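Residue-level structure breakdown
Okay, here's what each chain looks like letter by letter:
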Amino acid sequence: MVKEIIFTVNESLDGGYEAQAVGYSIFTECDEYSELPNMLREAVKCHFDEDEKPSLIRIHFVRDEVIAI
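Here's what I pulled together on the structure shown here. As the structure is a computational prediction, the values presented were derived from the model and not from experiment.

All right, on to the side chain of Ser 12 then. Position of Ser 12 among the secondary structure elements: in the loop between strand E1 (4–11) and strand E2 (17–21). Contact partners of Ser 12, with chain neighbours within four places excluded, come to Tyr 17 and Glu 18.

If you want it as C-alpha coordinates, here you go:
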(Lines give C-alpha, C1' and ligand atoms only; values in the text may rest on other atoms or scores of the structure.)
Protein backbone atom coordinates (compact mmCIF):
# COMPACT_ATOMS: atom_id res chain seq x y z
CA MET A 1 0.00 0.00 0.00
CA VAL A 2 1.24 3.48 -0.90
CA LYS A 3 1.47 5.70 2.17
CA GLU A 4 2.26 9.00 0.43
CA ILE A 5 1.97 10.35 -3.08
CA ILE A 6 3.96 13.35 -4.32
CA PHE A 7 2.70 15.88 -6.85
CA THR A 8 4.86 18.41 -8.64
CA VAL A 9 2.91 21.61 -9.26
CA ASN A 10 3.79 24.26 -11.84
CA GLU A 11 2.17 27.57 -12.58
CA SER A 12 0.50 27.27 -15.97
CA LEU A 13 1.49 29.64 -18.78
CA ASP A 14 -2.23 30.34 -19.21
CA GLY A 15 -2.70 31.01 -15.50
CA GLY A 16 -3.64 28.57 -12.78
CA TYR A 17 -1.77 25.44 -11.77
CA GLU A 18 -0.86 22.09 -13.32
CA ALA A 19 -0.09 19.07 -11.14
CA GLN A 20 1.46 15.71 -11.98
CA ALA A 21 2.02 12.77 -9.64
CA VAL A 22 5.56 11.44 -9.38
CA GLY A 23 5.61 7.82 -10.55
CA TYR A 24 1.92 7.66 -11.49
CA SER A 25 -0.14 8.78 -14.49
CA ILE A 26 -2.20 11.22 -12.47
CA PHE A 27 -2.65 14.77 -13.76
CA THR A 28 -4.94 17.61 -12.76
CA GLU A 29 -5.19 21.36 -13.12
CA CYS A 30 -7.05 24.25 -11.52
CA ASP A 31 -7.44 27.98 -11.88
CA GLU A 32 -6.99 29.03 -8.24
CA TYR A 33 -4.58 27.84 -5.56
CA SER A 34 -7.48 27.36 -3.16
CA GLU A 35 -8.91 24.69 -5.51
CA LEU A 36 -5.68 22.69 -5.64
CA PRO A 37 -6.07 20.47 -2.53
CA ASN A 38 -9.56 19.33 -3.54
CA MET A 39 -8.48 18.69 -7.14
CA LEU A 40 -5.54 16.57 -5.92
CA ARG A 41 -7.76 14.58 -3.55
CA GLU A 42 -10.27 13.88 -6.32
CA ALA A 43 -7.54 12.84 -8.76
CA VAL A 44 -6.07 10.40 -6.22
CA LYS A 45 -9.50 8.97 -5.36
CA CYS A 46 -10.18 8.33 -9.05
CA HIS A 47 -6.84 6.56 -9.57
CA PHE A 48 -6.71 4.25 -6.54
CA ASP A 49 -9.16 1.78 -5.04
CA GLU A 50 -10.35 2.74 -1.56
CA ASP A 51 -8.12 0.17 0.19
CA GLU A 52 -5.04 1.13 -1.89
CA LYS A 53 -5.14 4.93 -1.85
CA PRO A 54 -2.37 6.80 -0.03
CA SER A 55 -3.09 8.52 3.25
CA LEU A 56 -0.97 11.62 2.46
CA ILE A 57 -0.50 13.92 -0.50
CA ARG A 58 2.73 15.93 -0.65
CA ILE A 59 2.78 19.01 -2.88
CA HIS A 60 6.11 20.11 -4.37
CA PHE A 61 5.92 23.51 -6.09
CA VAL A 62 8.27 24.08 -9.01
CA ARG A 63 8.85 27.71 -9.81
CA ASP A 64 11.15 29.26 -12.35
CA GLU A 65 12.28 32.82 -11.87
CA VAL A 66 14.35 35.05 -14.10
CA ILE A 67 16.11 38.05 -12.65
CA ALA A 68 18.04 40.84 -14.34
CA ILE A 69 21.71 41.38 -13.57
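On to a negative patch on the surface, then. Taken together, Asp 14, Glu 18, Glu 29, Asp 31, Glu 32 and Glu 35 make up a surface patch of like negative charges. Examined against the element boundaries, Asp 14 turns out to sit in the loop between E1 and E2.

Another aspect to go through is a nonpolar patch on the surface. A cluster of nonpolar residues, Tyr 33, Ile 57, Ile 59 and Phe 61, forms a patch on the protein surface that exposes about 340 Å² of accessible area. Positionally, Phe 61 belongs in strand E4 (residues 56–62). Phe 61 gets classed as partly exposed once you look at its relative accessible area, which sits at 39%.

Glancing now at the pairing of strand E3 (residues 27–30). Only one face of E3 is buried: it carries Thr 28 and Cys 30, and the other face, with Phe 27 and Glu 29, is open. Where E2 and E3 come together, four bridges link them in antiparallel fashion. Each bridged residue has a counterpart across the sheet, and for Tyr 17 the counterpart in E3 is Cys 30. Hairpin geometry of E2 and E3 is characterised by an intervening segment of five residues between the two adjacent antiparallel strands and by a positive phi of about 90° at Gly 23.

Our next topic: the nonpolar core. In this structure, Ile 5, Phe 7, Ala 19, Ile 26 and Leu 36 are the most contacted members of the largest nonpolar core, which totals 13 residues. Breaking this core down by element, the ones donating at least two residues are E1, E2 and helix H1 (36–47). Examining the composition of this core, we find that four residues originate from one element, H1, more than from any other. Contact partners of Ile 26, with chain neighbours within four places excluded, come to Ile 5, Phe 7, Ala 19, Gln 20, Ala 21, Ala 43, His 47 and Phe 48.

Thresholds applied
Residues numbered from 1 in each chain as written. Predicted model: local features only at pLDDT ≥ 70, side-chain atom pairs only at ≥ 80, totals over all residues. Heavy atoms only, no water. Helix = DSSP H or I, 4+ residues; strand = E, 2+ residues; numbered from the N terminus. Contact = heavy atoms within 4.5 Å. Patch = residues over 30% accessible without salt bridge, like charges linked within 9 Å, V, L, I, M, F, W, Y side chains within 5 Å. Areas by Shrake-Rupley, 256 points an atom, 1.4 Å probe, with all protein chains shown as cover. Salt bridge = Lys/Arg side-chain N within 4 Å of Asp/Glu carboxyl O. Lys, Arg positive; Asp, Glu negative; His and termini not counted. Charge placed at Lys NZ, Arg CZ, Asp CG, Glu CD. Buried < 20%, exposed > 50% of the residue type's maximum accessible area, 1.4 Å probe, protein only. Pairing = 2+ DSSP bridges. Core = buried A, V, L, I, M, F, W, Y, C linked by side-chain atoms within 4.5 Å.

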